[in-house]
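Structural overview
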Amino acid sequence: MSISELLNNRIIILDGGLGTYLQKEGLKPGEATESWNLSHPQVVQSVHKKYYDAGSNIVCANTFGANSLKYEPDELERIIKAAIENAVAAKNASTAPQEKFVALDIGSLGKLLKPFGDLAFEDAVAAFAEVVKLGVKYNVDLIMIETMNDSYETKAALLAAKENSTLPVFVTNAYGEDEKLITGATPEAMVAMLEGMGADAIGANCSLGPGQLLGIAKRMLACASVPVIMKPNAGMPKSVDGKTVFDVDAVEFCAQMKKMAQAGVSILGGCCGTNDSYIRLLAETVKDVEFNRQTEKNLTVVSSYTHAVYFGNKPVIIGERINPTGKKRFKQALLENDIGYILREGLSEQENGADILDVNVGIPGIDESAMLATAVFELQGVLDLPLQIDTADISAMERALRLYNGKAMINSVNGKEESMKAIFPLVKKYGGVVTALTLDENGIPETAEERVRIAEKILKTAEEYGIDKKDIVFDTLAMTVSADPFAARVTIKALSEIRRRLGCHTSLGVSNVSFGLPERGALNSSFFLLALENGLSAAILNPASREMISAYKTYCALCGLDEGFADYISFCDENKAETKTAAVLLEKEEDLSATLKSAIIKGLKDNSGELCEKLLSKTDGLEIVNTVVIPALDEVGKGFEEKRIYLPQLLMSAEAAKSAFEKIKAASIQKGSGAGDNSFPVVLATVKGDVHDIGKNIVRLLLENYGYNVIDLGKDVEKQAVVDAVKSNNAKLVGLSALMTTTVPAMEATIKALREQAPECKVVVGGAVLTKEYAESIGADKYSKDAMETVRYAEIIRNKAE
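About the thresholds
Residues numbered from 1 in each chain as written. Predicted model: local features only at pLDDT ≥ 70, side-chain atom pairs only at ≥ 80, totals over all residues. Heavy atoms only, no water. Core = buried A, V, L, I, M, F, W, Y, C linked by side-chain atoms within 4.5 Å. Buried < 20%, exposed > 50% of the residue type's maximum accessible area, 1.4 Å probe, protein only. Helix = DSSP H or I, 4+ residues; strand = E, 2+ residues; numbered from the N terminus. Contact = heavy atoms within 4.5 Å. Pairing = 2+ DSSP bridges. Axes fitted to C-alpha atoms, helices over the stretch in contact; angles between N-to-C directions. Parallel < 35°, antiparallel > 145°, perpendicular 65-115°, else oblique. Left-handed = near helix turned anticlockwise from the far one by under 90°. Nonpolar A, V, L, I, M, F, W, Y, C, P; charged D, E, K, R; others polar. Salt bridge = Lys/Arg side-chain N within 4 Å of Asp/Glu carboxyl O.

1. What to know about the nonpolar core
Counting 204 residues, the largest nonpolar core has Ile145 and Met230 as its most contacted members. Per-element tally for this core: the top contributor is helix α26 (residues 647–671), with 11 residues. Those residues in contact with Ile145 that lie beyond four places of it in its chain are Ile106, Ala157, Leu158, Ala161, Val169, Phe170, Val171 and Thr172. Ranked by size, the runner-up nonpolar core spans 30 residues in total, among them Val722, Val723, Val763 and Leu770.

2. Things to note about the sheet that holds strand β18 (residues 472–475)
Whether parallel or antiparallel, the strands of a sheet pair through hydrogen bonds between backbone atoms. Read around the closed barrel, 8 strands run β13-β14-β15-β16-β17-β18-β19-β20, paired in parallel fashion. Pairwise comparison of adjacent strand axes, ignoring direction, gives a mean angle of 30 degrees for this sheet. Alignment of strand β16 (residues 409–414) against strand β17 (residues 433–437), held across 5 bridges, turns out to be parallel. Looking at β17, one finds that Asn414 is bridged to Leu437. Taken strand by strand, helix α17 (residues 448–464) contacts β16, β17 and β18, and its axis lies near 160 degrees from that of β18.

3. A look at the packing of helix α27 (residues 694–705) against helix α31 (residues 787–801)
Packing of α27 against α31 brings their axes to within 9 Å, and their N-to-C directions diverge by 45 degrees. As far as their axial angle goes, α31 and α27 are oblique. In the crossing of α27 with α31, the sense of the turn from one axis to the other is right-handed. Across the interface between the two elements, Ile698, Val699, Leu702 and Leu703 of α27 pack against Ala787, Met788, Thr790, Val791 and Ala794 of α31. A class-by-class count of the residues in the contact of α27 with α31 yields 8 nonpolar, 1 polar and no charged.

4. Digging into the pattern of salt bridges
Applying the stated criterion across every chain, the model contains 41 salt bridges. Of the charged contacts, one joins Arg219 and Glu179 as a salt bridge, the two residues approaching to 2.8 Å between their closest N and O atoms. Pair noted here: Arg219 is in helix α9 (residues 210–223) and Glu179 is in the loop between β5 (169–173) and α8 (187–197), with a separation of 40 residues, a long-range link. According to the relative accessible area criterion, Arg219 is partly exposed, its value standing at 26%. Put simply, Asp276 and Arg280 hold a salt bridge, and the shortest N to O gap is 3.7 Å. A residue pair is termed a helical-turn pair when its members lie 3 or 4 positions apart in one helix, as Asp276 and Arg280 do in helix α11 (residues 276–286) at 4 residues. On the accessibility criterion, Asp276 (15% relative accessible area) is buried. Its relative accessible area of 40% is what places Arg280 among the partly exposed residues.

5. Some words on the sheet that holds strand β21 (residues 680–686)
In space, the 5 strands of this open sheet follow the order β22-β21-β23-β24-β25, with parallel pairing throughout. Strands with a single pairing partner mark the edges of an open sheet, and in this sheet they are β22 (708–712) and β25 (782–783). As defined by bridge partners, β21 adjoins β22 across 5 bridges and the pair is classed as parallel. Bridging from a neighbouring strand, Pro681 pairs with Asn709 of β22. Sheet contacts for helix α29 (residues 744–757): β23 (733–737) and β24 (762–766); angle to β24, the most-contacted strand, approximately 170 degrees.

As far as function goes, none of this settles anything; it's purely spatial.
Here you go:
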């Protein structure tokens, strides 16, 4: 039976932890787990065989930490070849009767991708591609992408897998206690993106125990149409007599896993802290649980890097302002490469309630492909709404879709064979919900029935490409009534018939209907209400238009789509005064301090630098730091701590603050003053054996923006190097990071060395595998669950020192 057949017929058992197992076999603190493929092949084979003997259908080869950012090509190939050979040898040696497969295990590269980090998306794709190619070369059965805590890196890995193999691909992410990834993605957002790109199974692993992952499992089961995977840790880690142990035993673990299986999770295994005894009991515990094949959910959904937007209940608002048609100022911005103007328009639409933003930059005289890619990339750096990528240029469309972080809306395809041939392969490869225009080679039909027939043709052709009707939203084309008084009636009838007969969602560019007539807002809003009553799912409109949003809010209130009339009442209160858009706000210079603070909070780094430079002409740099920059960061930090904003917004605000600081430092140097100097040293390091420095780099960025002198030693740092840096810089605080359970002993050894040689220095630690109790047990002074908590602790230490 193939792995694909197994997926559709029974519960699949995965393996358990490997790194924690090898630690018991002698893996030293800081030693790379994958190096044992060459140095201790018999031990690795023995662990794999234990899992097969315990009942595992799939065992992951020991390749989790192997990638081209860490190893030279020849060494990388030797490690992966040996890892796969070890797993195959274990499979062949096991006499257990179940079907057995070997998976290529792909983990994080340990770097945050741009715009929030320093690794380019295509560089990440290339690094993952090297591993995938080697896995294919040495004949793995499937690819397992796991422990990813960023949606963008997850996309890069899945894209590499799909472009370089035809193997089944399973994808699991590491969620926090708030049931989100570190960069803010919900389970629903990840399901939307990963299913759209063709992942064969989707789920969660690591970070949490089975009880904590149950909620995530249920959320995924509610929206996923593919099998769901759950591979929890054995609870949370702690240190006992210098050894890492976990607080959930095999019996409790399997009792929780049985609940998941009964709920519908069909791929089950263990991560850190689990071993073959856990897996043996797991296989026994779920053997009589009825297999529940995931059903097609038929959900029309798009996503950003944080959340999903569903069609079908409350009408969806698609903001139309990022489009040069009829907008002289926007055209000027495109010609001048004024990305800041585009970002301000996007932020304005987000503030005015848009659910999705249409992005169109097509004008003569520019490189549309480059500009569209830049606009999409930069917009996703400052706001978290899903985007509708709007272009007739196929190369521009693909470039933007490739870079997009989430499942995009695609505008558009139509009934022309040429259009469907160009667009549908992109929808299939990158995922997306495509807007389908009801026109073909003969133009726009005059009757509703002809438009419905074109819709039927589009659906039939889409099916040939493997695209389901749930991923097609039809636009029945709002034509101007000034040219044809019956145009609106035809559009509405076609829309209604498509919704009723074909069961598809619909979208309209509402304002087209009134072109050439006076009082367009009145016509547009009335047409909008007629369309909503006849089944309109989404509308492209200006979310700052009072008439349009008034129609929308009243419709939702009257149709039971606004619980307690909360949105309607809020809308009435907010609109007593004229709405001020972000675009207008940021162009005002009446209060530069308030405007600079707003720019930092919104993450507009170019604007922050420009505004700070203007403010420096009349305000002292130190005053700007204390009254504008730090309060802005504090406001963003508080939002982060309260889970109102997420890591990407925090990082972009920090980058904006950095732009302001650079202007202040330059002015201080010119004046010979000390404003902006960093005086309190903090040493940061990722401990020996750990190459994941995402968390450390985030802490560095924030500390620098709060005025600290950060000595960043990088990753895979020897304990004595940390001690030497603390002593040479007279540092009163050191921050240590570790992502992997196998490297926590190296953290403990570093803390011990600091206690012996620099006892006055405080130690703050962080990382996915740590808890407060675990940190205390290894001798740390402080455990920080996130970067902002580290900043708060640093403030305490600095204040005491002063």
